[in-house]
Structures are given as C-alpha cells and as structure tokens.
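What the coordinates show
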Amino acid sequence: MATTTPPTAGPAEAGPKSSNMRSLSRAMEVFAELQRAERPQRLSDLARNCGMSLPTTLRILRVLQDFGMVSQKDKSYRIGPAVLPAAKSFLENDPLAVAGRPVLQQLATQTGMSVSLHTRLGFERILVARVQGEAPMQYDLPLGKRLPLTRGAAGKILIAGATDAELEQVVAAAIASGHEEQGFTVKELRSRLPEPGCDYAYSANERVIGVLSVGVALTNREGRANESMALNCPAEATTEEKIKANVPELRRAASRLSELLEGSVY
C-alpha cells in the first residue's frame, strides 16, 4: 500500500506558530524575572531586565494577571496566588521532593547540619527541599528559590566538569540574571570550582556571609548531574575541616537518593 507524507507547514502556517511560541517564551522570561526578585517589581524594571519594550512587558503582565500568575499593587508586580496549587502538586508528587525529604532528614540527624536539595533549571538551581540542623541557618531560604550555579557548593558541583564554552554560557546567564556583577569571567569562576578529580564542592562566605557548605551531585540514569545535595552550617558552629569530614555521609545520602530515583520516572 502506498503511503503519503503529510504536507509540511508553509510560511503562512509556520508564522503564527512561531509568533505564538515567541510570545510564550517572552511571558516565561517575565515570569522567571519575578521569581528571582526579592521584592515587587515596577514595570520599567521588568522591561529593562528582560530586554523588552514597556508596551510588550505590560501586555504580558496583563495576560499573566488574568491567569492569577501575577498580582499588581501600587504599580508594582509580584508572583500571584495561582502558583500555590502548582507548588503544592510538585511537593506532593515530584519523585525528587518526595524521596528526598526522608533522606535529608536522616542526614541532618546524623551530621547535626542543615541539608538542602537542589535541581538545575537552565543556568540556575532551584531549592527543592531543606531540613534544618542543630545550628539553624540565620537566613530565610524558601523552597523554590532561584539560586546561582556560580556560587555555593550545591551550585558549583553541577558545573564542575563543564567545558570553557559551557562555562561562558553560565557566566553570561549569571550576569544577565543579576547573580554576578558585570566583568565576571570564566577564569574567576574556574577559581571557585573544585579541583579536577574532586567529587565535591566547598564554599565559604560565597553566597551568604558566615556560612560554610559542601555539596555533591546526584547522577541520573543517563549519567548527567542535574541535582545536588549540600550540607550547610553557620561558620561559628563548624570549621572547614569539620564540615569536610562529613562528605562521606553526604556521598552515601546522595547515592541512596539516586538509587531511590532509579525506580521512578524521574
């Protein structure tokens, strides 16, 4: 029986689809910028940070408002209440979050230190779960927070094996999103990363002053490191030597979580 090949979309058909995807991409950029912000953002700031015109940014914000993804008050915009059902669904159903919480709790009990679990999202990382240790951290770090790959042990370990070309992209994105200052270079980033052959990253006073951290990566079935687990402790409650002494326990916990995730669709 002869088969027929479906006709490919011509320019007239591809145009609207391409335009729709571009509009969606721009909306996600604005939404991501609001997620990074520590406080409500004015229209002019959002437009500038996203590299968009004021009318385009305003149209996007109005659509996001219609769906409850964005709220407005006093000419400033912030994340809206519609994200809460999505966050609840993620925390209750995502294999990483569900399997990770008891593993983190056990590690915090064993080490007395706070434990955090992160997943990579583009050129940033997201805090998925966190358990406080005996010496609680003196700063607020809410779940879902967008954090840099360039600072902190949990971020640096995810790019430890990256090529210079990949690190150039990481650096450019970190500057664009405000995680790093203009002039930040690949050479400077390289100086923060662990030495070749070292399977954990260490940080001191990098993202938050007065905090020490060690992090290891979790590898998936394809061998990619998209998640990381870290021990964090106030500097007054530990030393570099003491926190690094817990790396073996951190490795075992990460390995245990990786094994649990192998049986899921994660």
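Summarised in this report is the structure supplied together with it. As the structure is a computational prediction, the values presented were derived from the model and not from experiment.

Rules of the game
Residues numbered from 1 in each chain as written. Predicted model: local features only at pLDDT ≥ 70, side-chain atom pairs only at ≥ 80, totals over all residues. Heavy atoms only, no water. Helix = DSSP H or I, 4+ residues; strand = E, 2+ residues; numbered from the N terminus. Buried < 20%, exposed > 50% of the residue type's maximum accessible area, 1.4 Å probe, protein only. Polar contact = N/O pair within 3.5 Å; in protein donor to acceptor, adjacent residues only side chain to side chain. Pairing = 2+ DSSP bridges. Contact = heavy atoms within 4.5 Å. Axes fitted to C-alpha atoms, helices over the stretch in contact; angles between N-to-C directions. 1 Å grid on protein atoms, 1.4 Å probe; cavity = no way out; pocket = protein on both sides within 12 Å on 5 of 7 lines; lining within 4 Å. Points joined across faces, edges and corners; volume = space filled by probe spheres on them. Nonpolar A, V, L, I, M, F, W, Y, C, P; charged D, E, K, R; others polar.

**Focus: the environment of Ser-191**
- Secondary-structure assignment places Ser-191 in helix H8 (residues 186-192).
- Using a relative accessible area of 61% as the deciding quantity, one classes Ser-191 as exposed.
- Between the alpha carbons of Ser-191 and Ser-213 there is a distance of 17 Å; along the sequence they are 22 residues apart.
- Among the polar contacts listed, one links the side chain of Ser-191 to the backbone oxygen of Glu-188, at a separation of 2.5 Å.

**A word on the sheet that holds strand S3 (residues 76-79)**
- Strands sit in the order S1-S3-S2 across an open sheet of 3 strands; the sheet is antiparallel. Bordering the open sheet on either side are strand S1 (41-42) and strand S2 (70-73), each of which pairs with just one other strand.
- Where helix H3 (residues 54-66) meets the sheet, its contacts fall on S2 and S3, and the angle it forms with S2 comes to roughly 110 degrees.

**Brief notes about empty space enclosed by the protein**
- For the coordinates displayed, the defined rule picks out 2 cavities of 30 Å³ or more.
- In this structure, the largest cavity spans a volume of roughly 200 Å³.
- Looking at which element gives the most residues to the lining of the largest cavity, the answer is strand S4 (residues 114-121), with 3 residues.
- The residue inventory of the lining of the largest cavity, partitioned by class, reads 10 nonpolar, 8 polar and 4 charged.

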